Amino acid sequence: IIKACIREGYAFEKGIVMNRLQATKTSGGRRSMDHEKVIVIDFGGQYNQLVARRVRECNVYCEIYSYKTDIAQIKAMNPKGIILTGGPNSCYEADSPTCSKELFELGVPVLGLCYGAQLMMHVLGGKVEKAPVREYGKTEVMVDTSSPLFTGVSENTICWMSHFDYISKAAPGFNIVAHTADCPVAAAENQEKGLFAIQFHPEVLHTQEGTKMLHNFVRGICGCEGTWRMDSFVENTVKEIREKVGNGKVLLALSGGVDSSVAAGLLSRAIGKQLTCVFVDHGLLRKNEGDEVEEVFGPNGQFDLNFIRVNAQDRYYGKLAGVTEPEHKRKIIGEEFIRVFEEEAKKIGAVDFLVQGTIYPDVVESGLGGESAVIKSHHNVGGLPDHVDFKDIIEPLRDLFKDEVRKVGLELGIPDYLVFRQPFPGPGLGIRIIGDVTADKVRIVQDADAIYREEVDGAAQEYKNEHGKDAPWMPNQYFAALTNMRSVGVMGDERTYDYAVALRAVTTIDFMTAESAEIPYEVLNKVMNRIINEVRGVNRVMYDLTSKPPGTIEFE
Ligand code: XMP
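Residues numbered from 1 in each chain as written. Predicted model: local features only at pLDDT ≥ 70, side-chain atom pairs only at ≥ 80, totals over all residues. Heavy atoms only, no water.

Trainee: Run through the overall build of the chain, naming residues and quoting values.
Mentor: Tallying secondary structure elements over the chain gives 16 helices and 20 strands in all. Nonlocal contacts in the chain, meaning residues at least 24 apart in sequence, comprise 76% of its contacts between residues at least 6 apart. On the chain, roughly 23,800 Å² of surface is accessible, and the fraction owed to carbon and sulfur atoms is 48%. (Helix = DSSP H or I, 4+ residues; strand = E, 2+ residues; numbered from the N terminus. Contact = heavy atoms within 4.5 Å. Areas by Shrake-Rupley, 256 points an atom, 1.4 Å probe, with all protein chains shown as cover.)

Okay, here's the thing in structure tokens:
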């Protein structure tokens, strides 16, 4: 929730909002990692974070930087390898993102992907042109398996292609090591110089042996040992936190979401009772969620820390009474959170550090990492609160992707149901109740949502037990919402005039676009029956088929 407030731009009462660049300076920016590192140079393509994630899956630490990054800075980072990503431009056009020739002369292996491959050829004297046939989708690629990039890869392998331009002539000194029916240079290499260019996207799972190729590059060609592991991350981070905090006092706003929970677990392991977690129950959480958070982090839980639960339900319902406009509701929920949090902070007295659950995609998308920030600016984090009573900020997760945060959570012994939670918005059920919020409407949506999640989870587990893999319809986010529409129904011999509940389930990779999930009809039917029978005040259940765009995932 604190991240949501920050996104909305709320400052702490006595504090100032500083922008993230300043925050990076004060929190020391990225840690001076002493382990091996691969650098991803971002040319604005859509899969760029995916490239970094796949490299990390090879147990190699990896960071994303914009193509505008100075060559001296890249050199100073002493990377073991460099990967140039895809991008939407044509490298032969004047204003297109480019890189200097020097990048290929650092003595560090370089792998160019799609746009990155074309750029490598273009800069080194090859030829890139508009392709006579545009390749898009799964494509059969014939590879030369004697190339170290394709060790262990099948000679004919399915890869994901997406390009208008193609390499019509490889640069001098390069050998062609893969082709397709329409693309004469699907991969080229200059082994001596450690330069590799591939036209397709190994980072996308549709490229069936893509992980093997990336593994070949980072572990084989670059010689990385693969020391990036979450157990050593926990150990190192705990040590760093202890050094930074000393005897200081630390405050954390715990929302029960994955990031703040894992941050709390890490801090607790490092400094125990020097940490105070404030958990504000705003009465807009899912059913039993407040108690679940208390069970794990409260006095009878597994972590050594001070836990303060503030039951602010009535306060929130009072503030929200009669408010119907979605952005106004968000603002009230955010502001009230800051107020409650500050009141608790005052009771504790001066603290030395405030913990932020920032994760690596927040950093990249707020413009400090790669180039994709430009595309996803609406996800930016606007600033950080800099309360006078806080000396500094601790961001223990700022180098991690979400799946890595979850792994750390498991390492710390946080229960699965917290670690694998689906995303839940900061303003909670407040934006899943269309129109004004009342305690009774919260009860309806909590009960309907609990039934829906229970049935979907049960059906998904059943599918997995039977087929040994995840159900193809498994949504990435699914919840019930209250439409605020009442309609006539009949129950027994009685006429009813009750609310309609809407069920939402989407499949998505990045939550920027989404499709309605094809949950089996019998599952939906069972959910409908249970909601009508078990949730007082509901006589109609609907399923939302809208994709995003034009819809959003949430209703408000
Ligand atoms: P939309 O509704 O914009 O949702 O398609 C995309 C993702 O963002 C989450 N979401 C929010 N998260 N505060 C948050 O912290 C908000 O106000 C908010 N609105 C939407 C939503 O749950 C989905 O995962």
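Trainee: Please give an account of the side chain of Arg421 that cites residues and values.
Mentor: Tracing the chain through its elements places Arg421 in the loop between helix H14 (416-419) and helix H15 (439-467). Not counting the four nearest positions on each side in its chain, Arg421 is found in contact with Gly256, Gly257, Val258, Arg286, Glu289 and Arg406.

Trainee: Let's hear about the sheet that holds strand S12 (residues 275-281): which residues, and what values?
Mentor: As summarised here, the arrangement of the 5 strands in space is S13-S12-S11-S14-S16, forming an open sheet in which the pairing is parallel. Each of the sheet's edge strands pairs with one partner strand only, and the pair in question is strand S13 (306-311) and strand S16 (392-394). For this sheet the average axis-to-axis angle between neighbouring strands, irrespective of direction, equals 25 degrees. Note: S12 against S13, 6 bridges, orientation parallel. Following the sheet pairing, Phe279 is matched in S13 by Arg309. Here helix H8 (residues 258-271) sits on the sheet and contacts strand S11 (250-254), S12, strand S14 (353-355) and S16; the angle it forms with S11, its principal contact strand, is near 155 degrees. (Pairing = 2+ DSSP bridges. Axes fitted to C-alpha atoms, helices over the stretch in contact; angles between N-to-C directions.)

Trainee: Go over the nonpolar core, please, and point to the residues and values.
Mentor: In this structure, Phe297 and Ile531 are the most contacted members of the largest nonpolar core, which totals 96 residues. The biggest single contributor to this core is H15, with 10 residues. Beyond its immediate stretch of four places on either side in the chain, Ile531 contacts Ala448, Ile451, Val501, Leu503, Val538 and Val541. If you look at the next biggest cluster of nonpolar residues, it comprises 37 residues, including Val55, Ile64, Cys159 and Cys224. (Core = buried A, V, L, I, M, F, W, Y, C linked by side-chain atoms within 4.5 Å. Buried < 20%, exposed > 50% of the residue type's maximum accessible area, 1.4 Å probe, protein only.)

Trainee: Now, about the packing of helix H7 (residues 230-245) against helix H13 (residues 402-411): what can you tell me, with residues and values included?
Mentor: Contact geometry for H7 and H13: axes closest at 9 Å, N-to-C directions at 75 degrees. Classified by the angle their axes make, H7 and H13 are roughly perpendicular. In contact with Met230, Asp231, Phe233 and Val234 of H7, H13 contributes Glu404, Lys407, Val408 and Glu411. Among the residues forming the contact of H7 with H13, the class breakdown is 4 nonpolar, no polar and 4 charged. (Parallel < 35°, antiparallel > 145°, perpendicular 65-115°, else oblique. Nonpolar A, V, L, I, M, F, W, Y, C, P; charged D, E, K, R; others polar.)

Trainee: Talk me through unusual backbone geometry; I want residue IDs and the actual numbers.
Mentor: Residues Lys548 and Pro549 are joined by a peptide bond in cis, for which omega reads -15 degrees. Inspection of the secondary structure puts Pro549 in the segment after strand S20 (538-543). A positive phi angle, near 65 degrees, is found at Asn59, a position not held by glycine. Tracing the backbone through its elements, the reader meets Asn59 in the loop between helix H3 (48-57) and strand S3 (61-66).

Trainee: How would you summarise the sheet that holds strand S7 (residues 156-169) if you had to cite specific residues and measurements?
Mentor: With mixed pairing, the 9 strands of this open sheet are ordered in space as S3-S2-S4-S5-S10-S9-S8-S6-S7. At either margin of the open sheet sits one strand with a lone partner, and together these are S3 and S7. Each neighbouring strand pair of the sheet contributes to a mean axis angle of 20 degrees, computed without reference to strand direction. Contacting strand S2 (37-42), S3, strand S4 (81-84) and strand S5 (110-113), H3 crosses the sheet at an angle of about 160 degrees to S3. Contacts from helix H5 (residues 115-123) reach S4, S5, strand S6 (127-143), S7, strand S9 (187-190) and strand S10 (195-198), with the element oriented near 120 degrees to S5.

Trainee: Go over the site of the ligand with me, naming the residues and quoting the values.
Mentor: By nearness alone, 14 residues border the ligand, and Arg330, Gln477, Lys548, Ile553 and Glu554 come closest of all. Contacts to the ligand include Lys548, whose side-chain N or O atom sits 2.7 Å from an oxygen atom. Look at the ligand: alone it shows 490 Å² of surface, and the protein chains cover 81% of it. In terms of residue class, the shell around the ligand is made up of 7 nonpolar, 3 polar and 4 charged. (Near = heavy atom within 4 Å. Polar contact = N/O pair within 3.5 Å; in protein donor to acceptor, adjacent residues only side chain to side chain.)

Trainee: Can you break down the side chain of Arg530 residue by residue, with the values?
Mentor: Assignment of secondary structure puts Arg530 in helix H16 (residues 521-534). Looking at Arg530, the relative accessible area reads 19%, which means it is buried. Here Glu455 takes part through its side chain, which lies 2.7 Å from a polar atom of the side chain of Arg530. Ignoring sequence-local partners within four residues, the contact set of Arg530 consists of Ile451, Glu454, Glu455 and Val535.

Trainee: Which residues make up the packing of aromatic side chains, and what values do they have?
Mentor: Tallying each qualifying case throughout the model produces 12 aromatic pairs. Judged by centre distance (5.6 Å) and plane angle (15 degrees), the ring pair of Phe43 and Tyr67 falls under stacked. Residue Phe43 is found in the loop between S2 and H3, and its partner Tyr67 is found in the loop between S3 and helix H4 (71-76); the two are separated by 24 residues along the sequence. For the pair Tyr360 and Phe401, a centre-to-centre distance of 5.4 Å together with 80 degrees between the ring planes defines the contact as edge-to-face. Taken as a pair, Tyr360 in helix H12 (residues 360-365) and Phe401 in the loop between S16 and H13 lie far apart in primary sequence, 41 residues in all. (Phe/Tyr/Trp six-rings, centres within 6.5 Å; stacked < 30°, edge-to-face > 60°.)

Trainee: Break down helix H10 (residues 313-320) for me, citing the residues and quoting the values.
Mentor: Inspection of H10 places Tyr316, Tyr317 and Leu320 among the buried residues, and these make up the whole buried set. End-on view of H10: buried residues confined to an arc of 100 degrees, all on one side of the axis. Packed against the buried residues of H10 are S12, helix H11 (326-348) and H15. Two residues or fewer after H10 comes Gly322, characterised by a positive phi angle close to 80 degrees. (Arc of directions from axis to C-beta.)

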